[in-house]
Structure formats: C-alpha cells, structure tokens
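# Reading the structure
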Amino acid sequence: MILDNLFAPFALKISSLKTLSIRQKIINFFFVGSPHINNLILCRQAEVPVTRQESRNMKDRIIGSLGNVRTLQLAGWAFECFTAYRLNHQLSKLEKILLLDFNVCLKNMEGLTNLIGHADGVKKLHISLPPTVAFRNSAVHIINIQGFTGKLYEMSHIKFMMAHFPRLRHLEVTLIREMDEAQSGAYADLISDFPMLSASVEIVMGSEEHFICKNIEA
C-alpha cells in the first residue's frame, strides 16, 4: 500500500491486512473503525517538523483505533506520540512490540510503562538500542536486546528484567561490537547469576560468529 503525501487527512477503511507500513514524512490518515492488522509499522521522518494537526490526528484518530493490531513497530515521532498518550482502552490483541532505532530515555519511562500496561498480552519485546528504562510486565517471555555494550547500566536493567518478569523464558543479547567466545561467556555467566523470578531462562549471548547459549533454572 502506497500513501501519497497529501496534506488533508484521508480515511483508511481496512478489514484485515497482514502488514501496513507507514513511513511517510507526513502522517495524514486515519482509520475507519478498528482494523485487524497483523503488523503495523509507524515510522515518521524526524527531519520534517510536526504540526499540531498531525499530533492531534495521531492521538485522537489513529492510536485509538489500534485495538486489533498484533505486532506494533514504532520509531521516531510515532514512538513519542505513544509514550506521551494516555491510552483509554486495552490493546487486547497486541503480542509483540518492537522499538526501532530509538533510544528509550528516562523521560519516556511513564509513557512506555503505560503502553505495556495496556497491552498485557505482549509476549515479546524487541529493543534495537541498549535499554535505558526498566518496566514490569507479567506476560513477556521473550526479550531481544540489540546493541549491547556491556556497560553497567545495561547490566542493571537486565538484572531488573530477570527479577521481575515471571514468564521470561528466552533472553537474547546481541553485542554492538565483536567479542570472542570467552568474553561472551563471561557476560552470560554474570547474567546467569542474577536472581530471577522465572522458573527457567535460556540466555543467548554474543554474535553470529561467537555466541553462548545457557539454560538456567531458579
């Protein structure tokens, strides 16, 4: 589906769609009803100024129609809209959240917690940059973290997740720089010593060339 960069908002009437990718410089549409979309990608170009009309359209006419989305991928301004928006409904069908090319800073902690709290069926969380925020969710069982550097605050947030996610079963950490097998193993050993709430967790640590897989039990 190709959306033209028209300035006047236009309606999208969708019954069911596998993937809808919105990567426009101007987000100028709204949904009719609450469409069934398996994978929705919202990525706004950061270099284009955001108008007040766009912000209001996103919050009032787009976010409020996403109750039947299964996977939500957010980047840039679209992500900030979600974290700044007080959801008044449940994202009951949402199973996976992917945060794309965006540093989740501390100022967005409350908003991100709000998003997760209204999507209590989420089972998989993907963070494309090192996590700088920690939050609770009882349903998440897969976490994928890319861009790991080994810094103390990154380890602290992984420790938090291990201690607060009771259904966590798979933690995959991809390193931002090459580490040999010994280094990857050292990080995996350190993480495996963290106290955890889950009964068992599989830890995959490293890169395609050098990775360590460990299974640990509480």
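Residue positions are given per chain, counted from 1 along the sequence in the order it is written. With the structure being a predicted model, the display of local features is reserved for residues of pLDDT at least 70 and the display and counting of side-chain atom pairs for 80 or more, all residues being used for whole-chain, interface and lining totals. Side-chain numbers come from the whole structure's heavy atoms, not from hydrogens or water.

### Things to note about the environment of Ser 156
What counts here: Runs of H or I in DSSP of at least four residues are treated as helices and runs of E of at least two as strands, each being numbered from the N terminus. Relative accessibility decides the category of a residue: with a 1.4 Å probe and only protein chains considered, values under 20% of the type maximum give buried, values over 50% give exposed, and everything between is partly exposed.
Its place among the elements puts Ser 156 in helix 4 (residues 152–164). The class for Ser 156 is partly exposed, based on a relative accessible area of 40%. Considering only alpha carbons, one finds Ser 156 and Phe 194, 38 residues apart in sequence, at a separation of 9.9 Å.

### Structural notes on the pairing of strand 9 (residues 170–175)
Put simply, the rule reads: Strand pairing follows a simple DSSP-based rule, namely that at least 2 bridges must link the two strands.
Inspection of the sheet shows strand 8 (residues 142–148) paired to strand 9 by 6 bridges, in the parallel sense. When the bridges of strand 9 are listed, Ile 145 appears paired with Val 173. Here strand 9 runs beside strand 10 (residues 200–206); their pairing, made up of 5 bridges, is parallel. Across the sheet, residue Glu 172 finds its bridge partner in strand 10, namely Val 204.

### Some details on the packing of aromatic side chains
Let me state the cut-off plainly: Two rings from Phe, Tyr or Trp (for Trp, the six-membered ring) form a pair when their centres sit within 6.5 Å of each other. Planes less than 30 degrees apart are called stacked, planes more than 60 degrees apart edge-to-face, and all others tilted. As a reminder, the over-ring test applies to NZ of lysine and CZ of arginine, requiring each to be within 6 Å of the ring centre and within 35 degrees of the ring normal.
Throughout the structure, instances matching the rule amount to 2 aromatic pairs. Centre to centre, the rings of Phe 29 and Phe 31 are 5.3 Å apart; their planes meet at 80°, and the pair counts as edge-to-face. Ring centres of Phe 148 and Tyr 187 lie 5.3 Å apart, and the angle between their planes is 90°; this geometry places the pair in the edge-to-face category. On the criterion of sequence distance, the pair formed by Phe 148 in strand 8 and Tyr 187 in helix 5 (residues 181–192) is long-range, its members being 39 residues apart. Assigned by exposure class, Phe 148 and Tyr 187 land together as buried. The residue whose ring lies beneath Arg 61 is Phe 30, and the NZ or CZ to ring-centre distance is 3.5 Å.

### Details of the pattern of salt bridges
Our working rule: Any Lys or Arg side-chain nitrogen found within 4 Å of a carboxyl oxygen on Asp or Glu counts as a salt bridge.
By the definition in use, this model includes 2 salt bridges. One salt bridge connects Glu 95 with Arg 70, and the closest N-O pair in it is separated by 3.3 Å. With a gap of 25 residues between them, Glu 95 in the loop between helix 2 (76–84) and strand 6 (96–99) and Arg 70 in strand 5 (residues 69–75) connect regions that are remote in the sequence. For Glu 95, a relative accessible area of 38% translates into the label partly exposed.

### Things to note about the confidence of the model for the protein
The following threshold applies: In predicted models, pLDDT denotes the confidence assigned by the predictor to each residue on a 0 to 100 scale. Residues count as neighbours in contact if any of their non-hydrogen atoms are within 4.5 Å of one another.
Mean pLDDT over the protein stands at 76; residues scoring 70 or higher make up 74%. The secondary structure element of the protein with the lowest average pLDDT is helix 3 (residues 109–117), at 67, and the one with the highest is strand 10, at 89. Long-range and interchain partners of residues 129–134, a stretch whose pLDDT sits below 50, account for 26 contacts in this model, where long-range means more than four residues apart.

### Points about the packing of helix 4 against helix 5
Quick note on the threshold: An axis is simply a line fitted to the C-alpha atoms; with a helix, the fit covers only the stretch in contact. Between two such axes, the angle follows the N-to-C directions and lies from 0 to 180 degrees. Relative orientations are named as follows: roughly parallel for angles under 35 degrees, roughly antiparallel for angles over 145 degrees, roughly perpendicular for angles from 65 to 115 degrees, and oblique for any other angle. Left-handed describes a crossing whose near helix is turned anticlockwise from the far helix by less than a right angle; the clockwise case is right-handed.
In the contact formed by helix 4 and helix 5, the axes pass within 10 Å of each other and the chain directions differ by 45°. As far as their axial angle goes, helix 5 and helix 4 are oblique. Taken as a pair, helix 4 and helix 5 cross one another with a handedness that is right-handed. Facing helix 4, whose interface residues are Met 155, Ile 158 and Met 162, helix 5 presents Tyr 187, Leu 190 and Ile 191.

### Some words on the side chain of Asn 39
The residue Asn 39 is located in strand 4 (residues 36–44) in this model. Those residues in contact with Asn 39, other than ones at most four positions away along the chain, are Lys 18, Thr 19, Leu 20, Thr 71 and Gln 73.

### Structural notes on the pairing of strand 5
Counting buried positions along strand 5 gives 6 out of 7 residues, so the element sits mostly inside the fold. By the bridge criterion, 6 bridges tie strand 4 to strand 5 in an arrangement that is parallel. Its bridge partner lying in strand 5, Leu 40 is registered against Leu 72. Of the pairings in the sheet, the one linking strand 5 to strand 6 comprises 4 bridges and is parallel in character. Each residue of the ladder has a partner; that of Gln 73, found in strand 6, is Leu 98.

### What to know about the nonpolar core
Basically, it comes down to this: Here, the term nonpolar core denotes a set of buried Ala, Val, Leu, Ile, Met, Phe, Trp, Tyr and Cys residues that are joined through side-chain atoms within 4.5 Å.
Counting 55 residues, the largest nonpolar core has Phe 31, Leu 42, Met 58, Ile 158, Met 162, Leu 171 and Ile 191 as the members making the most contacts within it. In terms of residue count, helix 2 provides more of this core than any other element does, 5 residues in total. Apart from the residues lying within four places of it in its own chain, the contact partners of Met 162 are Leu 168, Leu 171, Ile 191, Pro 195, Met 196, Leu 197, Ser 198, Ile 203 and Ile 216.

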